[in-house]
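Remarks on the overall topology
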Amino acid sequence: MKKIVLVENDVKSFETPMKAEMEGPLKHFDGELAKIRTGRAHTSLIEDVQVAVYGQEPMPLKNMAALTAIDSRTITIQPWDVAIVPDIEKALKIADPSFNPTNDGAFVRIQLPEISTARRDDLVKVLGKKLEECRISVRNVRKDFNNLIRDAKKDKEISENFFTRLSDLLQKITDTYIEQAEQKAAKKEKDIKTV
């Protein structure tokens with residue numbers, strides 16, 4: 001958190017950096033949601049798979065190939081250099097044994113299996129954990145800003161009334177961000193449970 005100078009009756013100087021800080025956990029949560037598999041194929045499932053090629057350090061698949069979800073259960077990978085197709089195939093098998101990559105020399109295709117009911121339930125549990133992590137992160141931002149205004153009140157930099165006003169604003173914005181995360185999670189849960 002950057003240093004914030006509180007000025008009596010200047011709510012914007014407090015609200016703007018607070019919202020900026022709370023955007024972080026929400027953006028991270030969006031990234032986590034994209035990685036959770038629903039019934040449909042999505043390139044985010046494989047884009048961060050680490051592939052070692054040319055004896056170099058492993059790098060993400062998205063940096064060496066074009067990834068496309070051609071239908072609800074198939075992802076194609078078209079590497080920029082066809083010589084690395086076997087390396088990509090090997091990395092995909094290591095990343096997730098349920099992937100069964102096939103190659104035709106220039107492309108690698110992954111046909112995703114149907115998700116079982118038990119697996120869908122497991123994914124809903126993972127989603128719940130990710131949602132709780134997001135809530136905790138938002139609450140930690142609230143705690144930091146609460147400490148900031150509490151210290152400012154204690155040092156008599158702001159009045160009691162302004163402190164109360166900022167506390168109320170802080171709680172209201174925290175509730176808004178947590179509600180946004182919960183709505184995103186509910187939508188994702190619906191996608192997971194849809195067969």
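Residues numbered from 1 in each chain as written. Predicted model: local features only at pLDDT ≥ 70, side-chain atom pairs only at ≥ 80, totals over all residues. Heavy atoms only, no water.

Here we look at the layout of surface pockets
In plain terms, the rule: Definitions used for this entry: grid spacing 1 Å over protein atoms alone; cavity, a set of points where a 1.4 Å probe fits but cannot get out; pocket, an open set with protein on both sides within 12 Å along at least 5 of 7 lines; lining residue, one with an atom within 4 Å of a point. Grid points are joined across faces, edges and corners, and a volume is the space filled by probe spheres set on the points. Working definition: helices are DSSP H or I runs of at least four residues, strands are E runs of at least two. Numbering for both runs from the N terminus. Nonpolar residues are Ala, Val, Leu, Ile, Met, Phe, Trp, Tyr, Cys and Pro. Charged residues are Asp, Glu, Lys and Arg, and all others, Gly as well, are polar.
Taken as a whole, the largest pocket encloses approximately 340 Å³ of empty space. Forming the boundary of the largest pocket are 18 residues, of which Arg37, Leu45, Asp96, Arg119 and Leu123 lie nearest the centre. Element by element, the count of residues in the lining of the largest pocket is highest for helix 3 (residues 117-154), at four residues. Here the lining of the largest pocket is built from residues that sort into ten nonpolar, one polar and seven charged. The calculated volume of the second largest pocket comes to roughly 150 Å³. Around the second largest pocket, the lining residues are Ala34, Ile36, Arg37, Thr38, Arg40, Ala41, His42, Ser44, Leu45, Lys188 and Asp191. Taken together, the residues of the lining of the second largest pocket sort by class into four nonpolar, three polar and four charged.

Here we look at the nonpolar core
Put simply, the rule reads: As used in this record, nonpolar core signifies buried Ala, Val, Leu, Ile, Met, Phe, Trp, Tyr and Cys residues forming a set joined through side-chain atoms within 4.5 Å. Accessibility here uses a 1.4 Å probe with only protein chains present; expressed as a share of the type maximum, an area under 20% marks a residue as buried, one over 50% as exposed, and anything in between as partly exposed. We call two residues in contact whenever any of their non-hydrogen atoms come within 4.5 Å of each other.
Judged by nonpolar contacts, the single largest core of 34 residues is most densely connected at Leu6, Phe14, Met18, Met22, Phe145 and Ile158. Looking at this core, the elements that each hand over two or more residues are helix 1 (12-35), helix 3 and helix 4 (160-193). Excluding residues that lie within four positions of it along the chain, Leu6 makes contacts with Phe14, Leu148, Ile149, Ala152, Ile158 and Leu166. Among the nonpolar cores identified, the runner-up in size contains 21 residues, and Val49, Leu61, Ala65 and Val108 belong to it.

Concerning the packing of aromatic side chains
For clarity, the threshold we go by: Between the rings of Phe, Tyr and Trp (Trp by its six-membered ring), a pair exists once the centres lie within 6.5 Å; its type follows the angle of the planes, with under 30 degrees stacked, over 60 edge-to-face, and the other angles tilted. In this scheme, the term charge over a ring applies when either NZ of a lysine or CZ of an arginine sits within 6 Å of the ring centre and within 35 degrees of the ring normal.
Under the criterion given, the structure shown has one aromatic pair. Ring centres 5.6 Å apart and planes at 80° place the aromatic pair Phe14 and Phe145 in the edge-to-face group. Here Phe14, found in helix 1, pairs with Phe145, found in helix 3; they are 131 residues apart in sequence, far enough to count as distant. Phe145 shares its class with Phe14; the two are buried. Between Arg109 and the ring centre of Phe107, over which it is positioned, the NZ or CZ distance is 5.6 Å.

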